[in-house]
Amino acid sequence: MSSPASTDTDRTDLEVPGRSTEKTATGHSPMRIAVQDKAQDADAAPEVPMVEVQNVDLYYGQKKALKNVSLVYPQKRVTAMIGPSGCGKSTLLRCFNRMNDLVEGCRVEGSIKINGRDIYDPALDVTELRKNVGMVFQKPNPFPKSIFENIAYGPRLQGIKDKARLDEIVERSLKGAALWEEAKDRLNESALALSGGQQQRLCIARAVAVEPEVLLMDEPCSALDPISTGKVEDLIVELKERYTIIIVTHNMQQASRVSDYTAFMLLGDLIEYRDTTTLFSRPSDKRTEDYITGRFG
Amino acid sequence: MKRHWKHILLRSGDPFIWLTGGALAASLLLVIGMIALIFVSGLGFFWPHALTKFDLGDGKQVLGALMEREEVPNPDNPEHAVRHRIKVKQGNRDLYGMDFLWIDEDQIKSRELPGDAVQVERMEWGHFYGYVKEVKDGDKPVATGAEAFAKVQALLPEAERIREEIRSLERDSVGEINYYQNQVRLKLKKLHMDGVDTGPEVDALTKEMDSWQQKYIDLTKRIAELKAKQTYSVSFTAPAGALASGEREKTMALAEILRVDKPNHMSFVEKCSYYLAKVWEFVAADPRESNTEGGVFPAIFGTVMMVMIMSVLVTPLGVLAAFYLREYAKQGTMVSIVRIAVNNLAGVPSIVFGVFGVGFFIYFMGAGTDKALFPEMLPTPTFGTGGILWASLTLSLLTVPVVIVATEEGLAAIPPSMREGSLALGATKFETTVRVVLPAVMPSILTGLILAMARAAGEVAPLMITGVVKLAPSLPLDGYFPYVHLERKFMHLGFHIYDVGFQSPNVDAARPMVFTTTLLLLGIIVLLNIGAIFIRNRLRKKFSAATAAI
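All values derive from a computational prediction rather than experimental measurement.

Chemist: Mind laying out the overall build of chain A, listing which residues take part and the relevant values?
Modeler: A tally of regular secondary structure across chain A gives 10 helices and 12 strands. In chain A, which comprises 297 residues, the share counted as buried stands at 55%. Counted over contacts in chain A with a minimum sequence separation of 6, partners at least 24 positions apart contribute 66%.

Chemist: How would you summarise the interface of chain A and chain B if you had to cite specific residues and measurements?
Modeler: Many analyses report the size of an interface as the accessible area lost when the parts associate. Opposite the 25 residues of chain A that make contact, chain B presents 24 residues. With both chains or domains summed, chain A and chain B bury close to 2000 Å², and 65% of this area falls on carbon and sulfur atoms. Broken down residue by residue, the surface that chain A buries against chain B is led by A:Pro144, A:Tyr153 and A:Leu157, which jointly contribute 28%. Counting across the chain A and chain B interface gives 1 salt bridge. Salt-bridge contacts for A:Arg94 lead to B:Glu420; the nearest nitrogen and oxygen are separated by 2.9 Å. Joining chain A to chain B, the criterion identifies 4 residue pairs in polar contact (both at pLDDT 80 or more). Among the elements of the structure, helix H2 (126–132), strand E8 (133–136), helix H3 (147–157) and helix H6 (196–208) of chain A are those that each provide at least two residues to the side of chain A that touches chain B.

Chemist: Got a sec to walk through helix H6 (residues 268–284) of chain B? Specific residues and values, please.
Modeler: Residue and element names in this part refer to chain B. Helix length check: H6 (17 residues) gives 24 Å between terminal C-alpha atoms against 24 Å at 1.5 Å per residue, within 8%. Taken as a whole, H6 has its buried residues at Tyr274, Tyr275, Lys278, Glu281 and Phe282. Along H6, the residues classed as buried sweep out an arc of 125 degrees about the axis, all on the same side. Pointing more than 90 degrees away from the buried face of H6 are the exposed residues Val269, Leu276 and Trp280.

Chemist: Can you tell me about the domain arrangement of chain B, naming the residues and giving the values?
Modeler: All names here are of chain B. Looking at chain B, the domain boundaries give domain 1 (49–167 + 218–265) and domain 2 (297–545). Relative placement of domain 1 and domain 2: their C-alpha centres are 46 Å apart. On the surface where domain 1 and domain 2 come into contact, there are 0 residue pairs in polar contact (both at pLDDT 80 or more). Here the residues of the side of domain 1 that touches domain 2 are counted per class, giving 1 nonpolar, no polar and 4 charged.

Chemist: Describe the pattern of salt bridges, with residues and values.
Modeler: Under the defined criterion, the tally for this structure stands at 46 salt bridges over all chains. For A:Glu189, the salt bridge identified is with A:Arg186, shortest N-O distance 3.4 Å. What makes A:Glu189 partly exposed here is its relative accessible area of 38%. In this structure, B:Glu164 and B:Arg167 form a salt bridge, with 3.6 Å as the shortest nitrogen-oxygen distance.

Chemist: Any chance you could break down the sheet that holds strand E12 (residues 269–275) of chain A for me, citing the residues and the numbers?
Modeler: Residues and elements named next belong to chain A. With respect to topology, 6 strands assemble into an open sheet ordered E8-E9-E10-E5-E11-E12, the strand pairing being mixed. Two strands bound the open sheet, and with one partner strand each, they are E8 and E12. This sheet shows a mean twist of 15 degrees between the axes of neighbouring strands, independent of strand direction.

Chemist: Report on the sheet that holds strand E7 (residues 117–118) of chain A, specifying residues and quantitative values.
Modeler: Residue and element names in this part refer to chain A. One open sheet holds the 4 strands; their spatial order is E4-E3-E6-E7, and the pairing between them is antiparallel. Either end of the sheet is taken by a strand with one partner, and the two such strands are strand E4 (63–74) and E7. Summarising the sheet, strand E6 (residues 106–114) and E7 pair through 2 bridges and their orientation is antiparallel. If you follow Ile114 over to E7, its bridge partner there is Arg117.

The rules we used
- Residues numbered from 1 in each chain as written.
- Chains lettered and ligands numbered in written order.
- Predicted model: local features only at pLDDT ≥ 70, side-chain atom pairs only at ≥ 80, totals over all residues.
- Heavy atoms only, no water.
- Helix = DSSP H or I, 4+ residues; strand = E, 2+ residues; numbered from the N terminus.
- Buried < 20%, exposed > 50% of the residue type's maximum accessible area, 1.4 Å probe, protein only.
- Contact = heavy atoms within 4.5 Å.
- Buried area = accessible area lost by both parts, 1.4 Å probe.
- Salt bridge = Lys/Arg side-chain N within 4 Å of Asp/Glu carboxyl O.
- Polar contact = N/O pair within 3.5 Å; in protein donor to acceptor, adjacent residues only side chain to side chain.
- Expected span 1.5 Å × (residues − 1).
- Arc of directions from axis to C-beta.
- Domains from an automatic or database assignment.
- Nonpolar A, V, L, I, M, F, W, Y, C, P; charged D, E, K, R; others polar.
- Pairing = 2+ DSSP bridges.
- Axes fitted to C-alpha atoms, helices over the stretch in contact; angles between N-to-C directions.

Written out as C-alpha cells, the structure reads:
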C-alpha cells in the first residue's frame, strides 16, 4: 500500500473499499479516505492493513444484522467502533474470531481476511484462528482458577508444559497488562479474589499470553469504575505498540482518548469511518454528528 | 374504625410475616421433636437401670428394672380414682417365659433396691436378674455368697479370652480352610467340566484338598482342647416371679456369661464407664440373639460401603448425562421431555426401582455373569442373587436424577462468558468443558452427591429385595482375594431397624434398640454429609467468590 505524502502534514492514505452508505455507481470501486496521523506520529510508517472486511452481510436466522459492511483495520493501531446498541458493532467484532459460530442460525456472507488469509475458509482451523485473535469481553471473565493458571491456560492449550517457560510467560503477560506489581505475590490465589479492574487486566494478560496479532475488545470498561477504566485505557495505548486492537465502546470519550481510527455504525450499516480526530471534530455524515453530539443514541 | 385498624394491619404485611414464620416454626418443631425423641430414647438405652425388688405379698417377689408407668384405663367407671400400673423388665426369659411384666401399683406391698442384686449379660436368653450364689469349678465349689461376685469378676477376663479364641478359630480359621477347600473343589469341578478327571493336575489338587482336611482336623482338636478348659459354672438365685412364691435357682457356664454388674452399687463413674463400654460394643461388635443384643457393626459397615459404591457409580453417570443435556444436546422439545422425565424419575416409588433391580440386574445381568464367568459354581448363584453390587446399582438408578438435576443447575449457573473466554483462547469445546466448566461445576456436583447419599443411606425398600439380609455371615470386604466381594449379601442399618423393631421375637426388649439404631443411622448420614460438605467448601474456597462472580 503506497502512501505518498500529499499535503503539508504527513498523510497516509487508507484504502477503504466501498463504504456501505456512500456506494458509488460502480458499487465496489475503492474509495480513498485521507487519514491524518496525529501530530506526534509525524514520522510514523505508512499504515499496513491487518483485518480486511469486504461486503460482509450477517444474518441471525432471517434477521440481517450487518449490511454490506466493508472496512480495513490497520496494523498496530487502535480502531474504535461506536454506535447505539444493536447497531452491529459487537456482532462485527465477533466475526473476527468467529465467536458468532456459537450462535445458532448465524450466517456470514462476504469476505473477512486477517493477514491476507480468509478466516471463513472451511479449511481453516478455528482454534488456530482464535489463538491468533485474542478477545477481551465486556465483563471480566476470569476462570475459577488461580491467577497463574488463568494466564497459563492459553499456553498450556498449545502444549507448553515446562514450568520455567510458563513462569516466564505469566510474568511477561502480567507485566504487559500492568498487573505484575499487584499480582506477583498472589499468583496462586484465586483470580476471582481480584477487583473488577484487576480482573479485566488479568483477562487482557490472559489474551496476550498466547501472543495474538489482533486483540478484540468488546466494551472492556463498561463494568469498571473510572479509575480502573483509566488504567485499562492506558494499557490499550501501550498495547498498540505490539498488537492490532479493535475496540467496541459506548463511551465516545473513550473512543477519542484511545483510538486512532473510529468507525460509526448504525442499524447494521457502517456510516462513517475515518481517523478519530476528524470523525469527532468534523464528521461528514449528519447521523454521525447527531450521534456524537448526543442528539440520539 | 375497626375496619381501619384491619386495613392498616393488612397493608403493613405483618400477618404474612407471621404466617410464613409460623410455618417455619411448625416444621422446625416437628423435626426437632422427632430428633429429640430419637435422642432421648436412643441414648438412654445403655444407661444401667437400677434393679428394684417389688414385694407383691404372699412371698411373691419380682426383681427387675422399672421401665414405664401409666394410668390404668377404666372406661366403665370414670369417677373411679386414678390407678397406675408399671412395666417392669424382669428378664430371666428362660425362667419366666417373658421379659416384661405389667404390675398394678395396688398390688405392690413394698419396694427396695437390694444392693447385691446383679444384672447378668449372657450369650442367650437376654438379661438375667438375680443374686450370685456360688461359683463352681467342675463340681467343686470355689466361692459362695459375697465372695462369689468378686470371683466371677476375676474369672471373666480369662473366660472371655478363651471364648474369643474359640470364636476366632471357628469363624476365621475354619472359614479360611472352607474357603480354600472350596476353591480347590471348584478347580476340580472346572477340570471335570473340561473333561479332565485324572492326571497330574487332578492329583495335585486332591493332595492339596487332603492337606486342608488335615488342617481342619488339627483345628477341631485345638477347639476341643480350649472347650475343655471352660470348666467354671456360676449359680444364681432369683425370685420365683409374680405367680409363685419362693426362689428359683439357675446355673450357667461361665463361658456363657459376658458380664455381671451390680447396678444398684455402681457409682456415677462406674455407670459412665458401663455406658461407654456398651456404646462401644454397639458400634463395634457383631449382633447376638437375632439382632436384639450386641452390636451393629456389620450393618454400619454394609451401609457405608453400599453408599460409597453407589456414589462411585452414580456420580459419573449423572454428571455425564447432565453434561450432555446441558452442553451438547440441541435444546428443544426432546431435551425438555427428557428433563421432565428425569425429574419424574425421582418421584417413582423406591420399591419399583427394587423390582427393576431384581428383574434386570439380578435375574438378567447376574445370571448372565454367572453363566459366563462362574459356570463351575452353578447351580449355586454367584452374581445371580442379591448382593451389594446390585443393591448399589439399584440405588444409583434411584438417585441419578438428583445428581443430574443438581449438575444441570450448576452448569446453567456458569456464565456463558466463562466458556467464551476459554473458546476465545483457542480451546476446543472439549477442552473448555474439561478444564473450565468441570472445575467450576464441581461444587454443584458435590451438592447433588450429598443429596443422593442422604437419600440412598435412608432407603430400605429396594434393598430388601436386592441384597440386604437380616444377618450376613461375612462382610463384603475381607482378607481373601479379591478382597472386595461385590456379590455378597450385606446388612444395612435401615433394614436392621425394620428387622429389630418388627420382625424380632422379643419386640419389647428390642424397642430401645430401634431408636439407638435410628440415631446411629442419622449420625452416619450426618457424617457422610459433613464429609462431602467439607470437600465442597474446600473446592468453593479454591474458586472463591465463584458465586459472587456469577
